[in-house]
Amino acid sequence: QNTSPYLGLDELLTKTEIEYLEDTFDNIEYSEWGDIYPLFFDAINMEKTLYTSFGFIIIIIAGFNLYGVINLIFYRKRRQLTSLLYMGATLKSIKKMFLLNVYIIGILGFLFGSTISFIVLHYNIIGYFIPILNNIDIFYEILPITFFFNIVLLSFSVYFSITKKSLKIGALN
């Protein structure tokens, strides 16, 4: 009974709309959620920054891991690569072969991982193990960005690894 009436809006008002309301109604006060609860919105902004930073760090670690795995593959296959060079294959054809294989593995991994994620979220399987996470929404627009980034990261890893190792293999030719 002692509270004053209020009106909540789903979007921010412009300056002219606020001035119109102040001129039309007596004793009106306009405030935004960010003005009323600044600590809450600062915490949300800090959380977004931290999650973005952690995601970026994870991506960098994944890039180094990919580079290391591809270098390990080249190290273990150097005898076969040298044999291919002696049989007449060119470094360019070997690079294409490795890029094609890595692209196939990357695309299949993306499709398989995305499908498993959709199944887990659709049937709420994660909610059985961690009850607090019983309702998770996916930002589906991130999938093409993830796919593109996956392919770019794989390409750079293979390119740098092949370039570094092909000089040693090419010297044997």
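Given the structure is predicted, the values throughout are model-derived calculations rather than measurements. (Residues numbered from 1 in each chain as written. Predicted model: local features only at pLDDT ≥ 70, side-chain atom pairs only at ≥ 80, totals over all residues. Heavy atoms only, no water.)

## Considerations on the overall build of the protein
The helix and strand inventory of the protein stands at 7 helices and 0 strands. Mapped in sequence order, the helices and strands of the protein form the string α-α-α-α-α-α-α. For 173 residues, the compact-globule estimate of 2.2 N^0.38 gives 16 Å, and the C-alpha radius of gyration of the protein, at 28 Å, exceeds that figure by more than 25%. Viewed in the frame of its principal axes, the protein has a C-alpha envelope of about 90 × 40 × 20 Å. Residues classed as buried in the protein amount to 16% of the 173 residues present. Across the protein, the fraction of contacts at a sequence separation of at least 24, relative to all contacts at a separation of at least 6, is 65%. (Helix = DSSP H or I, 4+ residues; strand = E, 2+ residues; numbered from the N terminus. Rg over C-alpha atoms; globule rule 2.2 N^0.38 Å. Buried < 20%, exposed > 50% of the residue type's maximum accessible area, 1.4 Å probe, protein only. Contact = heavy atoms within 4.5 Å.)

## Structural notes on the packing of helix α3 (residues 38–76) against helix α4 (residues 78–86)
Direction vectors running N to C along α3 and α4 enclose 60 degrees, while the axes themselves pass 4 Å from each other. Residue-level inspection shows Phe74, Tyr75 and Arg76 of α3 in contact with α4, the latter providing Arg78, Gln80 and Leu81. Its residues placed into classes, the contact of α3 with α4 shows 3 nonpolar, 1 polar and 2 charged. (Axes fitted to C-alpha atoms, helices over the stretch in contact; angles between N-to-C directions. Nonpolar A, V, L, I, M, F, W, Y, C, P; charged D, E, K, R; others polar.)

## Some remarks on the environment of Tyr51
Relative to the elements of secondary structure, Tyr51 occurs in helix α3. Classification of Tyr51 by relative accessible area gives exposed; the value is 56%. Along the backbone, Tyr51 and Tyr140 are 89 residues apart, and their C-alpha atoms lie at a distance of 18 Å.

## Description of helix α5 (residues 91–122)
The end-to-end C-alpha distance of α5, which contains 32 residues, comes to 46 Å, matching closely the 46 Å that a straight helix rising 1.5 Å per residue would cover. When α5 is considered as a whole, its buried residues turn out to be Ile94, Phe98, Val102, Gly106, Phe110 and Ser114. Backbone geometry just downstream of α5 places Asn124 in the positive-phi region, at approximately 55 degrees. (Expected span 1.5 Å × (residues − 1).)

## Topic: unusual backbone geometry
Of note in this structure, Asn27 is not a glycine but carries a positive phi near 55 degrees. By secondary structure assignment, the location of Asn27 is in the loop between α1 (15–24) and α2 (33–36). Asn27 sits in the exposed class, given a relative accessible area of 83%.

## Some thoughts on the nonpolar core
The biggest cluster of nonpolar side chains holds 10 residues, and these are Ile70, Phe74, Leu81, Leu85, Ile94, Phe98, Val102, Leu154, Val158 and Ile162. Only α3, α4, α5 and α7 (142–172) provide two or more residues apiece to this core. (Core = buried A, V, L, I, M, F, W, Y, C linked by side-chain atoms within 4.5 Å.)

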